[in-house]
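Listed here are the chains, written in short residue letters.
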Amino acid sequence: MSIIYRIENFRSIESVDVKKNSYILLFGEEGNFLRDICMSFDYYFKDKKLTKEDKDISDKKLAITDFYTGERLQQSAFDTIFLENNSIEEELEFGSKTVLYGIINNFIKEKISIEPSFITLNAILQDFELEESICELKNELSRYSKYRLELNFQEFSSADIIKKIDIGFMDEEKAVNQYAVSNIEKLKIKTGIYEQNCNISKDKIFIYYYPENSMTIKEQIELKKFFDEIAKQSIVIIATASKYFIDMDLFDSLNIYQNKKLKNSLKKDELLELYFQNYPILKTKGEIEEEIKFSVCKYISDVMNGFILTNIKQF
């Protein structure tokens, strides 16, 4: 597999290469640099406008191109889902800027013919506000002060219906307290919520930034299976420090960054030939391939965290 993504001009990125695959892993010394790689995909395919701070760093336009041809990737080809944390509590609070609020609000407007009802209700409110009894009530409430309380009635909208919604978690027919829901299940639910906000006519890129945070090893292993399922239909990009997300097809999926450069850019055949020439104690390229996979899966997290390894195989 060849390197075909080249990202240029985004925050801390001048130019960096990323291997193309349906399952892409990003390992590196600098978490912020990996985050910039993740965000560059999100900004590029959503065609987001750069912030003033971004423009202060570089006035050049963000570009993602084919490594060999130099052609820009078509921005309308993909829609992205970018998740930086596993928390779902903010979405469940139905803040007006949350993705879940927007989805349900649009769903209500589409499925329920509520405008005529709102017109009637709001007309009743206006009449009620003008009634003499309301004036008397305001006077009574303020009888001991020089100030009079005003009672202002806001018009009904779809947001008032959303306020009547309580979200719960069900395991089959049994209700479950949200604090008992595991982080992996929260991330799965959040993924589903964000996916509903995508353009259904576009292919998807799911982007996760350190999804292993606050997860046990068992949960990380289970999450890898979830990522594998998504990667069958879409592209998955994961910035991580967890060895449990490494795919056995690591030659094509794994990206290791040091000093903001891709370090494992050799093709599989080129890498195996290099080791075959330098470590003749391993008789076949098949043996070399298995040893490389074993060593990377076992030790990459330690190496990226700066630990010094001793008493391991020479290569």
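Above this text you will find the structure in question.
In this report, the structure presented in the accompanying data block is examined. Since the model is a prediction, treat every value here as computed from it, not as a measurement.

1. Observations concerning the overall build of the protein chain
Secondary structure summary: the protein chain contains twelve helices and eleven strands in total. Taken against the 2.2 N^0.38 rule, which gives 20 Å for 315 residues, the C-alpha radius of gyration of the protein chain at 27 Å runs more than 25% over that of a compact globule. C-alpha extents for the protein chain along the principal axes are approximately 100 × 50 × 40 Å. Looking at the protein chain residue by residue over its 315 residues, the buried ones come to 40%.

2. Some thoughts on the packing of aromatic side chains
For the coordinates displayed, the defined rule picks out eleven aromatic pairs. Between Phe-67 and Tyr-68, the aromatic rings sit 4.8 Å apart at their centres with planes inclined by 85°, giving edge-to-face as the arrangement. Exposure remark for Tyr-68: the relative accessible area of 53% places this residue in the exposed category. Taken together through their ring pairs, the aromatic side chains of Tyr-208, Phe-226, Phe-227 and Phe-245 make up a single cluster. Above the ring of Tyr-23, the side-chain terminus of Lys-224 is found at 5.1 Å from the ring centroid. Here the guanidinium or amino end of Lys-285 rests over the ring plane of Phe-276, the centre of that ring lying 5.6 Å away.

3. Re unusual backbone geometry
Even without glycine at this site, Arg-11 takes up a positive phi of about 50°. Its place among the elements puts Arg-11 in the loop between strand 1 (3–10) and strand 2 (13–19). On the basis of relative accessibility, which here comes to 25%, the residue Arg-11 falls in the partly exposed class. Unusually for a residue other than glycine, Tyr-210 sits at a positive phi of about 45°. If you trace the backbone, Tyr-210 turns up in the loop between strand 8 (203–209) and helix 9 (217–231). The buried category is assigned to Tyr-210, whose relative accessible area is 15%.

4. Notes on the packing of helix 8 (residues 183–195) against helix 9
Relative to each other, helix 8 and helix 9 sit at 20°, their axes nearing to 10 Å. In this view, helix 8 runs roughly parallel relative to helix 9, as classed from their interaxial angle. Helix 9 is crossed by helix 8, and the crossing has right-handed handedness. Seen from helix 8, the contacting residues are Asn-183, Ile-184, Leu-187, Lys-188 and Thr-191; seen from helix 9, they are Glu-219, Glu-222, Leu-223, Phe-226 and Ile-230. When grouped by side-chain class, the residues that make up the contact of helix 8 with helix 9 number five nonpolar, two polar and three charged.

5. Topic: the sheet that holds strand 10 (residues 254–258)
Strand order in the open sheet formed by six strands is 5-8-9-3-10-11, and the pairing between neighbours is mixed. In this open sheet, the two edge strands, each paired with only one partner strand, are strand 5 (78–83) and strand 11 (261–262). Where strand 10 and strand 11 come together, two bridges link them in antiparallel fashion. Looking across to strand 11, one finds that Tyr-257 is bridged to Leu-262.

6. Quick notes on the packing of helix 11 (residues 268–278) against helix 12 (residues 285–304)
Geometry of a packed helix pair, given as the angle between the helix axes and the separation of the axes. Axis separation between helix 11 and helix 12 bottoms out at 10 Å; the angle between their running directions is 105°. Between helix 11 and helix 12, the crossing angle belongs to the class labelled roughly perpendicular. Contacts between helix 11 and helix 12 involve Lys-268, Leu-271, Leu-272, Glu-273, Tyr-275 and Phe-276 from the former and Lys-285, Ile-288, Glu-289 and Ile-292 from the latter. Here the residues of the contact of helix 11 with helix 12 are counted per class, giving six nonpolar, no polar and four charged.

7. Some points on the pattern of salt bridges
Scanning all chains against the criterion turns up 19 salt bridges. Asp-79 is paired through a salt bridge with Lys-46; the nearest N and O atoms lie 3.8 Å apart. With Asp-79 in strand 5 and Lys-46 in helix 1 (residues 31–46), the pair connects residues that are 33 residues apart, well separated along the chain. If you follow the salt bridges from partner to partner, you end up with Asp-42, Lys-46, Lys-48 and Asp-79 in one network.

8. Notes on helix 12
Considering bend angle alone, the principal kink of helix 12 is centred on Lys-298 and spans about 45°. Taken residue by residue, helix 12 has Ile-288, Glu-289, Glu-291, Ile-292, Lys-293, Ser-295, Val-296, Cys-297, Ile-300, Ser-301 and Met-304 as its buried positions. Turning to helix 12, the residues buried within the fold contact strand 3 (23–28), helix 10 (250–253), strand 10 and helix 11. Looking at the residues trailing helix 12, positive phi occurs at Gly-306, about 90°.

How each quantity is defined
Residues numbered from 1 in each chain as written. Predicted model: local features only at pLDDT ≥ 70, side-chain atom pairs only at ≥ 80, totals over all residues. Heavy atoms only, no water. Helix = DSSP H or I, 4+ residues; strand = E, 2+ residues; numbered from the N terminus. Rg over C-alpha atoms; globule rule 2.2 N^0.38 Å. Buried < 20%, exposed > 50% of the residue type's maximum accessible area, 1.4 Å probe, protein only. Phe/Tyr/Trp six-rings, centres within 6.5 Å; stacked < 30°, edge-to-face > 60°. Lys NZ or Arg CZ within 6 Å of the ring centre and 35° of its normal. Axes fitted to C-alpha atoms, helices over the stretch in contact; angles between N-to-C directions. Parallel < 35°, antiparallel > 145°, perpendicular 65-115°, else oblique. Left-handed = near helix turned anticlockwise from the far one by under 90°. Contact = heavy atoms within 4.5 Å. Nonpolar A, V, L, I, M, F, W, Y, C, P; charged D, E, K, R; others polar. Pairing = 2+ DSSP bridges. Salt bridge = Lys/Arg side-chain N within 4 Å of Asp/Glu carboxyl O. Bend = angle between axes of the 7 residues up to and from the residue.

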